[in-house]
Every structure is written in C-alpha cells, then in structure tokens.
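# Notes for the structure review
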Amino acid sequence: MTKLNYKLISTYRTQLMGLAILWVVLYHSTINASSVPVLGTLQAYGYGGVDIFLLVSGLGLYYAYRGNVSMATFYKRRLQRILPTYLPVVLLFCLLYWGIGEMSFTEVLLNLTTLSFWLGLDSRFDWYVPALLVLYFLTPLFMYFFRERNKVITVAVASLLGILLSVVLSGTSLSYLLIFTIRIPIFCVGVFVGYLIDQKRAISRLSLIMHLAVFVSGILLLVVSQKYLQDYVWSYGLWWYPFILITLPLCILAAGVLHWMAERKWTRYPFLSFSVSGTHSLEIYLLHERMLKMFTDLRRNLNLQVNDLVLNAICILITLGLALLLKKAVAGFSARVKSGTIPVTTS
C-alpha cells in the first residue's frame, strides 16, 4: 500500500460520498437497529454522513476556485451542478404536499427559494442544500483571504467565527440554524485539505498520531454529550460539535481502507462498486427520506401489515431507481441545453 496521504481523500472523493449517503440512509431508516451493537451505533450517528459531504464539498470548491475563474463563472458552474437536480424534486414533492393539504402555496414558493430553512418553517424541504448554497456564495470571500493571508490562520478564524456564531444562537429561537453553523469549520477544513493535496503533503507518522488523537477525542466528546447532556443536545447542538474533530480523521481512515481494497481489486464486484460510487448521492439524499415518509404514511392510513424491514427495503429500491432516472434525465437535459437543441433565452 502506498504511503498514506491527503490525496487519497480526493482520489476516493465520490466513494466517500457514497459511503456517506449510505450512512445517512441508515440514519433516516425507521428500522430500530439499537439491539445490533455496531449497526445500532452507526445508525444513531448517521447524521455524521452530512459532515463528510461538507468536507469533500469544501475540497471540491478549492479546486473549482483555484484556477482564477471569475466570480460569475464560479457561481454559474456551482448552480448548474445542483439546481437542475434540486428544484424539480422540491417542486414535485411540495406540489404533492400542497395538493393533499399539508403545505400552503406560499410554503411551496418558500421551499423553492430555499427561504423555508432560513425562516425556520416546519414545512422546510431540507436544510443541506440551502446551507450549501450559502457556502457557495461565501466561498469567493473566504478564498480571497485564504490566498492572500496565512492559510492556517484563515481557516482557524473562519472556523472560530462559525463556532462563535453557533454559541450565540444556542438556546435562542434561531437555534435551528445550528445544524448549519456548527458545520462551517468542517467545510473550511475541506478547503484546507485541497491545499494540502496541492502541496503533495503526505501524512507523517506524527501527523497520523495527531489525527488519531483528535478522532478519539471527538468520539469521547460525542459519548459524553449523548450520555450526560441529553437535555441540551438539540437546543445547543452538542451532538454536532464532536464531528468537527471526527470528520477529517474518519475520511483519512475511510480513504485508506478504500485504497487498500482497490489494491486488491475488490472494487471490481458490481454491487460494491455501485454502492460506494457516490455518483448519485445528491439524488438519493433528496429522494429517500421523502419516499420513506410517503410510504410510512401510506402504511398507516391504509392499515397495511408491512413490517419496517420490508417497508425500508421497498423505499430504498424505489429511491435507487428514481435516482438513476433523475440523474439520467438531468444529464440529458443539460446536454441538450449546451448543444443548443433547447433554446435558452437571455436578458
């Protein structure tokens, strides 16, 4: 096996996203896995998959912005990567909820503009994409200081600002924003990892020991917060803070394992290759939880005798199928727009 280095996170970026979405799917699952030692623990902390998404997103944005592209070009490319997939899914589900009376038309519009999350509406479609769009918006400002100032200090200051903002919001009516603000340091670390890869920085034995120490510290903090501070984990976001420490070491470890598997040609097996490819992670993220909610409501309303295992298996299979179709449809539409087959009006 080659020497462990940060580049492995970039090499296996999509695979890490694939593992992250599997973790998130397990977290959203209605199956109670608490009696299964390892699986139950993984399910309880499956929200950590989102932290992996944000770290590799920060890494990706470093590469997207380092080529001295204009701000307009940067924003255009970012929006083209996410909105053609995001907006149709949000529109379809929100119109469905509006049709059955679970959402007002105003709430549909607020979801389409992503304002539903920032306003703290119970009917918000999701929080991750609205948060990601804000990070896209702030990236040029962050990269300006990252390029012109000491990079470690820039990352440290931006991370500290994210933590300070989280502390200020804790216990207030705006504490619902903690799910985003506490993740700001992880995104900044992702950008710094991109820089380390550019510098061909290997992970020395001392660095590895430090990463392991940080990882163990994060795990201990997570255990303590969950065991002794249950009354405060939501309003103060205590279950998210530990992943500031856990995420990077976890990505290094997972990328190392993936590389070890690749050296042994294990990825040639179709199921393993597909399940950790990560190429449909956004589509699965957008579809799975909503499909699970719809089928759970359907089972309750029709009094269907379907156990959780079967219900979740059906939802996963349908989600995977729809994710494949959505990816193909968006790719086809985008290709037609670029080729000029579909005219695009300009103002």
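Everything below is about the structure printed above this text.
Residues numbered from 1 in each chain as written. Predicted model: local features only at pLDDT ≥ 70, side-chain atom pairs only at ≥ 80, totals over all residues. Heavy atoms only, no water.

## Structural notes on a nonpolar patch on the surface
A cluster of nonpolar side chains, namely Leu-91, Leu-95, Trp-98, Phe-105 and Leu-109, defines an oily patch on the protein surface of about 450 Å² accessible area. Breaking the nonpolar patch down by element, the ones donating at least two residues are α5 (71-99) and α6 (105-112). Counting residues per element, the nonpolar patch draws most heavily on α5, at three residues. Judged by its relative accessible area of 35%, Leu-95 is partly exposed. (Patch = residues over 30% accessible without salt bridge, like charges linked within 9 Å, V, L, I, M, F, W, Y side chains within 5 Å. Areas by Shrake-Rupley, 256 points an atom, 1.4 Å probe, with all protein chains shown as cover. Salt bridge = Lys/Arg side-chain N within 4 Å of Asp/Glu carboxyl O. Helix = DSSP H or I, 4+ residues; strand = E, 2+ residues; numbered from the N terminus. Buried < 20%, exposed > 50% of the residue type's maximum accessible area, 1.4 Å probe, protein only.)

## Details of helix α11 (residues 184-198)
Its 15 residues give α11 an end-to-end C-alpha distance of 22 Å, which sits within 8% of 21 Å, the value for a rise of 1.5 Å per residue. Of all 15 residues in α11, 13 are buried, a share of seventy percent or more. Positive phi appears at Lys-200, one or two residues downstream of α11, with a value of about 55 degrees. (Expected span 1.5 Å × (residues − 1).)

## Overview of the pattern of salt bridges
A complete count under the given rule lists six salt bridges for this structure. Note that Lys-327 and Glu-283 form a salt bridge whose closest N and O atoms lie 3.9 Å from each other. Of the two residues, Lys-327 is situated in helix α16 (residues 308-339) and Glu-283 in helix α15 (residues 281-302); the sequence distance between them amounts to 44 residues. For Lys-327, a relative accessible area of 34% puts it in the partly exposed group. With relative accessibility at 3%, the residue Glu-283 sits in the buried group. Lys-293 serves as the salt-bridge partner of Asp-297, at 3.0 Å between the closest nitrogen and oxygen. You can see Asp-297 and its partner Lys-293 sitting in helix α15, four residues apart, about one turn around the helix. Residue Asp-297 is classed as buried on the basis of its relative accessible area of 17%.

## Brief notes about the packing of aromatic side chains
According to the stated counting rule, one finds 26 aromatic pairs in the structure shown. When the centroid spacing of 5.2 Å and the interplanar angle of 80 degrees are considered together, the rings of Tyr-144 and Phe-145 count as edge-to-face. Judged by its relative accessible area of 45%, Tyr-144 falls in the partly exposed class. The class of Phe-145 is partly exposed, set by a relative accessible area of 35%. Positioned over the ring face of Phe-146 is Lys-151, at 5.4 Å from the centre of the ring. In this structure, Arg-290 packs its charged tip against the face of Phe-125, placed 4.4 Å from the ring centre. (Phe/Tyr/Trp six-rings, centres within 6.5 Å; stacked < 30°, edge-to-face > 60°. Lys NZ or Arg CZ within 6 Å of the ring centre and 35° of its normal.)

## Here's the deal with unusual backbone geometry
Even without a glycine there, the phi angle at Thr-114 is positive, about 70 degrees. Structurally, Thr-114 is set in the loop between α6 and α7 (115-118).

## Side note on the environment of Asp-126
Within the secondary structure layout, Asp-126 lies in the loop between α7 and α8 (128-148). When the C-alpha positions of Asp-126 and Tyr-285 are compared, they lie 9.8 Å apart, and in sequence the two are 159 residues distant. Apart from residues lying up to four places away in sequence, Asp-126 is in contact with Tyr-86, Phe-117, Tyr-285 and Arg-290. In this structure the side chain of Asp-126 is engaged in a polar contact, spanning 2.6 Å, whose partner is the side chain of Tyr-86. At 3.0 Å, the side chain of Asp-126 and the backbone nitrogen of Val-129 are in polar contact. (Contact = heavy atoms within 4.5 Å. Polar contact = N/O pair within 3.5 Å; in protein donor to acceptor, adjacent residues only side chain to side chain.)

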